[in-house]
Amino acid sequence: MYQIIKQILNTGIKTEAPPQPDEALRVEAQNLQEEILRHLGSALAIRHVDAGSCNGCELEIHALNNAYYNIEGLGIHFVASPRHADMLLVTGPVSRHMEIALKRTYDATPDPKLVVAVGDCGCDGGIFGESYASCGKISNVIPVDIAVPGCPPTPIALLQGILTAVTGGVKKEKDSK
Amino acid sequence: MRLDEFPTKFPKLPGAMPIWHGTVDAEEFRNLCEQVARGGGKLVALWGSDELAHDAGYALHVSLVTALGMLCLTLPLSAERPSYPRISDLFPCANRMQRTAADMLGLHASGSNDRRKWLRHKSWPNTVHPLRKNFDGSTVFPTETDGYQFVTVTGDGVHEIPVGPVHAGTIEPGHFRFSIIGERVLRLEERLGYKHKGIEKLFERMNLEQGAKLAGRVSGDSTVAYAWAYAQAVESVTGTTPSPRALALRAVLLELERIHNHLGDLGYLGNDVALAFGFAQFWILKEDVLRLNGELFGHRYLMDKVVPGGVASDLDDKGCERIRLVFRHLEHGIKILKDIYDEHAGAQDRFLTTGKVSPDLAAQLGLTGLPGRASGQAWDLRAQFPCAPYDSLDVRMATHRNGDVAARVTVRFEEVLESMRLIRLIIDQLPAGELRTTVGDAPENALGLGWVEGWRGEILIALHTGKNNAIHRLHPHDPSWQNWPVLEHAIIGNIVPDFPLINKSFNLSYTGVDL
């Protein structure tokens, strides 16, 4: 136990400042109320779905949990079931063998929900494109709010995409007009 | 023919690795496979090809390993009756490869009693074989829900737990069917293929240059190993020899890939036994390596850095000094963490005797790569058939015999430290030479093989060339083909909650086998 505590103290705090949201990553106009986003943003539950990736994007999603990016420190955590999730973080391309599973996962996620498409393949099909075996980009199968390109996107880019998804909501005044 | 005669009877393929290729008839095919199996050799890969354009029906190819090197056999099959003698009785791991050859090309293993599909779910009908040349890869069929015949276990109190394809963690999709009594697993059956995205068909639309990028994305966590194997295959058919500097840099990249993957696994293995401290610590070290990769080579996972003819990035003296500095810090951290893991009663209690694969079972089932070395299977290409620069490095192979999670943890620790030793040796004497040698044209209808010891195990790329440097057929082979079926045995008798731990200790690729 002493060795563990000593190592924790020697390691210190590694966490770095998170990036700012970037509106350029938005695919669909934000349709959630600012108020809802504020709640989601302070305790966001993400369900990751690998819909057919090369496993490269998954490596960077794992890295979000390391001490440098410390995504949980921002109140964002990964959950084991879509039923517990506010957001789906989906890597692609969507293989045809995963098409039904992805749709079912989307349906199982309670409203209001957000979808972030991850990586070049998630954004536009990437090198795999569309074929007898691949549906291509995520938005060919389920609605997507934010798309984060990259092969794979860095943890900072992913974090930026996730933070963008929970900002810039439709203002209440707009509705009352 | 006696097996030991193959180096004199068959031509050796040009290139870095000891590989011989021969075309044989069905009887000789079976005879040589039997001799390899009897002599303790292994099956590395089995794949088929459509040779109708060459007026030659179809062909079935296997790669076998003996103490002398790799023996690759081609068995021509008729267009009317494309069947070949099964070898799954000799090499159990051939079962899924044979079923894949049936799905993808309609080649049938005669005598096989498992005729179920493997890679095909319900996205194309069973009359369609996507790797046949007369199939247009852009054809789309309506997707239906898949039905698959799992083996059912019956008896008092037996019930099933279906898991996946979407799993609880950040991992790749696949389906696991557990048959259990109470908490104990009686049987696990895997159903993979969910990530099938038509990689092999896609290669056939590319030329040798374009294929390099796709090869590096068969399994993103092993991008260097795949890219190097692909480069070896291209260099074999084009008669290219990269410079000593390029080869040295490739080894630096490959060992960096091994280090970051092993560090990540060591962290998750701690996490899976409720030692979250281990995850936090190892993932700091892993991130340090990824940042070093990004800083020195411009990509955190080193994608597209190994290219046919050489490498795409150089390493200067300043870069070497950065590696030495980061490694000093890394080695210090790893040694502290190893002591903590070794002394942690809770962790060791979960690691020891869990998910055991005895050396006998490992040999029988053909367990390969990292988990193989934890179960007494002393195979490591870098030590056995070392190509440059490994031939001058005297790689120390990690081998253990306990075959449990603890042994797979130990192999990772030893291999990380060994990879650091190798990189230091290489950068201390980085040879001169051009980064990328010009790659010439490839003859039509040539076969080139690339064979590299990635962090999971041996990666094979089998390349058949077409006209004008086009790819006629390409089969990328991941060691996970061999190891997935062994995982079904490793879990028997263990409790369900230990499955994530056992699975992580193997850390097999889904995309690498789903293709």
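Please read all numbers here as calculations on a predicted model, not as lab measurements.

Colleague: Please give an account of the interface of chain A and chain B that cites residues and values.
Modeller: Contacts between chain A and chain B engage 41 residues on the former and 46 residues on the latter. For the side of chain A that touches chain B, the elements supplying multiple residues, two or more each, are α1 (2–11), β1 (44–50), α3 (56–63) and α4 (99–108) of chain A. Here the side of chain A that touches chain B takes 6 residues from α3(A), the largest share from any one element. The class makeup of the residues in the side of chain A that touches chain B is 20 nonpolar, 16 polar and 5 charged.

Colleague: Report on the confidence of the model for chain B, specifying residues and quantitative values.
Modeller: Model confidence for chain B is summarised by a mean pLDDT of 95, while 100% of its residues fall at 70 or above. The complex prediction reports pTM at 0.96, with the ipTM value standing at 0.93.

Colleague: So what about the sheet that holds strand β1 (residues 19–23) of chain B? Which residues, and what values?
Modeller: Residues and elements named next belong to chain B. Read across the open sheet, the 4 strands follow the order β1-β4-β3-β2; overall the sheet is mixed. If you trace the sheet from one side to the other, it starts and ends with β1 and β2 (42–50), each paired once. Shown here is a sheet whose adjacent strand axes are inclined to one another by a mean of 20 degrees, direction ignored. Sheet analysis places β1 next to strand β4 (residues 69–77), joined by 5 bridges and oriented parallel. Directly across from Trp20, in β4, lies its bridge partner Leu71.

Colleague: Break down the domain arrangement of chain B for me, with residues and values.
Modeller: Residues and elements named next belong to chain B. Domain annotation of chain B identifies domain 1 (3–110) and domain 2 (199–514). Spacing between the C-alpha centres of domain 1 and domain 2 amounts to 25 Å. Taken residue by residue, the interface counts 25 residues in domain 1 and 25 residues in domain 2. Broken down by secondary-structure element, the contributors of at least two residues to the side of domain 1 that touches domain 2 are β1, β2, β3 (58–66), β4 and α3 (94–105). Its residues assigned to classes, the side of domain 1 that touches domain 2 comprises 16 nonpolar, 7 polar and 2 charged.

Colleague: Report on the environment of His21(B), specifying residues and quantitative values.
Modeller: Residue and element names in this part refer to chain B. Relative to the helices and strands, His21 is located in strand β1. Sequence-wise, His21 and Leu263 are 242 residues apart; in three dimensions their C-alpha atoms are separated by 38 Å. In this structure His21 touches Phe10, Pro11, Leu13, Cys72 and Leu447, once residues within four positions along its chain are discounted.

Colleague: Go over unusual backbone geometry with me, naming the residues and quoting the values.
Modeller: Cis geometry is found at the peptide bond from Gly92(A) to Pro93(A), where omega equals 10 degrees. Its place among the elements puts Pro93(A) in the loop between β3 (87–91) and α4. Following Gly164(B), the chain continues into Pro165(B) via a peptide bond in cis, with omega recorded as 20 degrees. Along the polypeptide, Pro165(B) turns up in the loop between β7 (159–163) and β8 (175–181). Positive phi, normally seen in glycine, also occurs at Asp394(B), with a value near 55 degrees.

Colleague: Residue-level account of helix α6 (residues 223–238) of chain B, with values.
Modeller: All names here are of chain B. Look at α6: 22 Å from first C-alpha to last across 16 residues, which is about the 22 Å you get at 1.5 Å a residue. Along α6, 16 of the 16 residues are buried, which leaves the element largely enclosed by surrounding structure. Among the residues trailing α6, Gly239 stands out with phi positive, at a value near 65 degrees.

Colleague: Give a detailed account of the pairing of β1(A), specifying residues and quantitative values.
Modeller: Residues and elements named next belong to chain A. Of all 7 residues that make up β1, 6 are buried, and the element is covered over most of its length. Where β1 meets strand β2 (residues 76–78), 3 bridges bridge the pair, whose relative direction is parallel. When the sheet's bridge partners are listed, Ala45 is paired in β2 with His77. Handedness of the crossover joining β1 and β2 through α3 is recorded here as right-handed. The sheet contact formed by β1 and β3 spans 5 bridges and is parallel. Residue pairing across strands places His48 opposite Leu89, the latter belonging to β3.

Colleague: Outline the packing of α1(A) against helix α9 (residues 317–343) of chain B, listing residues and values.
Modeller: Running from amino to carboxyl end, α1(A) crosses α9(B) at an angle of 150 degrees, the nearest separation of the two axes being 10 Å. On the basis of the axis angle, α1(A) is roughly antiparallel to α9(B). Of the two possible hands of crossing, α1(A) and α9(B) adopt the one that is left-handed. Between α1(A), through Gln3(A), Ile4(A) and Gln7(A), and α9(B), the contact on the second element is made entirely by Ile336(B), Asp339(B) and Ile340(B). Residue composition of the contact of α1(A) with α9(B), grouped by class: 3 nonpolar, 2 polar and 1 charged.

Colleague: Any chance you could break down the confidence of the model for chain A for me, citing the residues and the numbers?
Modeller: Mean pLDDT over chain A stands at 90; residues scoring 70 or higher make up 95%. The least confident element of chain A is helix α7 (residues 172–176) of chain A, whose mean pLDDT is 50; the most confident is β3(A), at 97.

Colleague: Break down the environment of Val357(B) for me, citing the residues and quoting the values.
Modeller: Residues and elements named next belong to chain B. Relative to the elements of secondary structure, Val357 occurs in the loop between α10 (345–351) and α11 (359–365). Given 27 C-beta atoms within a 10 Å radius, Val357 is considered buried. Spatially, the C-alpha atom of Val357 lies 17 Å from that of Glu190, the residues being 167 residues apart in sequence. Discounting residues that sit within four places of it in the chain, Val357 has contacts with Ala362, Leu367, Ser375, Gly403, Val486, His489 and Ala490.

Colleague: Requested: an account of the environment of Asp288(B), with residues and values cited.
Modeller: You can see Asp288(B) is positioned in helix α8 (residues 276–297). Not counting the four nearest positions on each side in its chain, Asp288(B) is found in contact with Val326(B) and Leu330(B).

Colleague: How would you summarise α9(B) if you had to cite specific residues and measurements?
Modeller: Because the α-helix completes a turn every 3.6 residues, residues three or four places apart line up on one side. Taking 1.5 Å of rise per residue, the 27 residues of α9(B) would be expected to cover 39 Å, and the 39 Å separating its terminal C-alpha atoms lies within 8% of that figure. Taken residue by residue, α9(B) has Ile323(B), Phe327(B), Leu330(B), Ile334(B), Leu337(B), Ile340(B) and Tyr341(B) as its buried positions. Along its buried surface, α9(B) packs onto α1 of chain A together with α7 (244–271), α8, α10 and α14 (405–428) of chain B.

About the criteria used
Residues numbered from 1 in each chain as written. Chains lettered and ligands numbered in written order. Predicted model: local features only at pLDDT ≥ 70, side-chain atom pairs only at ≥ 80, totals over all residues. Contact = placed C-beta atoms within 7 Å. Helix = DSSP H or I, 4+ residues; strand = E, 2+ residues; numbered from the N terminus. Nonpolar A, V, L, I, M, F, W, Y, C, P; charged D, E, K, R; others polar. pLDDT = per-residue confidence, 0-100. Pairing = 2+ DSSP bridges. Axes fitted to C-alpha atoms, helices over the stretch in contact; angles between N-to-C directions. Domains from an automatic or database assignment. Expected span 1.5 Å × (residues − 1). Buried ≥ 20, exposed ≤ 12 C-beta atoms within 10 Å, placed from the backbone. Right-handed = clockwise from strand over helix to strand, strands pointing away. Parallel < 35°, antiparallel > 145°, perpendicular 65-115°, else oblique. Left-handed = near helix turned anticlockwise from the far one by under 90°.

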